[in-house]
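What the coordinates show
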Amino acid sequence: MKTVKVMNTVIGDGIPKIVVPMVGKTSQELIEEAKIVANCGADIIEWRVDFFEEVKQIDAVISVGKKIRQLLSNIPILFTFRTKEEGGETELSTEDYVELNQVIISEALFELNDIELFIGDKHVAQLVSCANDKQVKVVMCNHDFDQTPSKQEIVHRLKKMQELGADICKIAVMPNNTTDVLTLLDATNEMQISFANRPIVTMSMGQLGMISRVSGETFGSALTFGSAQTASAPGQVPVSELRNILTTLHNK
């Protein structure tokens, strides 16, 4: 298994690393939030820029991004614009989505950049190429807030992310019953054992799927998402509780 190192954090080895989202709507909210998450115990901070009211003004995104980078100088940052189709807060055209991510990657402000699998292979290839040039790691992802696809489909999507050049492959799905949670865990295990040559990240969302957020070391998921203040997705556990659970499971 090839690991991914960002700053001093190694993804894909040992206890799953904890990612905590920032979801401030204004520059001031983001600055205050950055001060709080700096000491929350996270391994990685995710800036969910789709919550930012000025996200359509790229200069404003860069400006506040530089301030966040200064405040979180010792913590890796994942830049994420989550599209409306996959549960995000703001709608952007595909062209604007690509432009935003390409500009941010080119600025090389952050160590990690989220790219959605289904924006189209051509656009994905364009952004992956840009990220490789700037030595920014790509977290390629897919989110299904309605259902849990079949085991075969989950594995297929993760394999496609690998083929398209993701450094980290991520899928999040919504369970409608406990069988769906088992499907996600079974798919994770199969991907990890049979196909993965880089870190994968999987989760079953909501209260029903919460077990998937703490069992990554058993089944093969390298990251988990917790909350410091406001959760960015259903089922996120507060980071302090999450750390205790992960450590307990690791040591037993």
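Residues numbered from 1 in each chain as written. Predicted model: local features only at pLDDT ≥ 70, side-chain atom pairs only at ≥ 80, totals over all residues. Heavy atoms only, no water.

What follows is about the packing of aromatic side chains. Tallied over the entire structure, the rule returns five aromatic pairs. Consider the rings of tryptophan 47 and phenylalanine 79, whose centres lie 5.6 Å apart with planes at 85 degrees: the pair is edge-to-face. Highlighted residues: tryptophan 47 in strand β4 (residues 44-48) and phenylalanine 79 in strand β5 (residues 77-80), separated in sequence by 32 residues. A residue is classified by how much of its surface remains accessible, and tryptophan 47, at 0% relative accessible area, is buried. The class for phenylalanine 79 is buried, based on a relative accessible area of 0%. One residue, lysine 159, lies across the ring of phenylalanine 195, its end atom 4.2 Å from the ring centre. (Phe/Tyr/Trp six-rings, centres within 6.5 Å; stacked < 30°, edge-to-face > 60°. Helix = DSSP H or I, 4+ residues; strand = E, 2+ residues; numbered from the N terminus. Buried < 20%, exposed > 50% of the residue type's maximum accessible area, 1.4 Å probe, protein only. Lys NZ or Arg CZ within 6 Å of the ring centre and 35° of its normal.)

Another aspect to go through is the nonpolar core. If you look at the biggest cluster of nonpolar residues, it comprises 63 residues, and the most contacted ones within it are Trp47, Val49, Phe52, Val61, Leu72 and Leu100. With six residues, helix α2 (residues 58-71) is the largest single contributor of residues to this core. Those residues in contact with valine 61 that sit more than four places away from it in its chain are Trp47, Val49, Phe52, Glu54, Val55, Phe79, Leu100 and Ile104. (Core = buried A, V, L, I, M, F, W, Y, C linked by side-chain atoms within 4.5 Å. Contact = heavy atoms within 4.5 Å.)

The next thing to look at is unusual backbone geometry. Despite not being glycine, methionine 7 shows a phi value in the positive range, around 55 degrees. With respect to the helices and strands, methionine 7 occurs in the loop between β1 (4-6) and β2 (9-11). With relative accessibility at 29%, the residue methionine 7 sits in the partly exposed group. Even without being glycine, alanine 108 reaches a positive phi, approximately 55 degrees. When its relative accessible area of 41% is taken as the criterion, alanine 108 is described as partly exposed.

Estimates place the volume of the largest pocket at around 150 Å³. What lines the largest pocket is Thr83, Glu85, Glu86, Leu92, Ser93, Thr94, Tyr97, Glu116, Phe118 and Ile119. Residue classes in the lining of the largest pocket are distributed as four nonpolar, three polar and three charged. (1 Å grid on protein atoms, 1.4 Å probe; cavity = no way out; pocket = protein on both sides within 12 Å on 5 of 7 lines; lining within 4 Å. Points joined across faces, edges and corners; volume = space filled by probe spheres on them. Nonpolar A, V, L, I, M, F, W, Y, C, P; charged D, E, K, R; others polar.)

Further remarks concern the UniProt feature "active site" (unreviewed entry) in the protein. The UniProt record marks His143 and Lys170 with the feature "active site" (unreviewed entry), using the residue numbering of this structure. In terms of the greatest pairwise C-alpha distance, the residues named above, spread along 28 residues, form a tight cluster of at most 8.5 Å across. For histidine 143, the location among the structural elements is in strand β7 (residues 137-144). Beyond its immediate stretch of four places on either side in the chain, histidine 143 contacts Arg82, Glu86, Lys170 and Ala172. With respect to the element layout, lysine 170 can be found in strand β8 (residues 168-173). Each residue touching lysine 170, except ones within four places of it in the same chain, is listed here: Arg82, Val139, Met140, Cys141, Asn142, His143, Leu158, Met161, Val201, Met203 and Phe225. (UniProt positions renumbered as here; feature names shortened; annotations may be inferred.)

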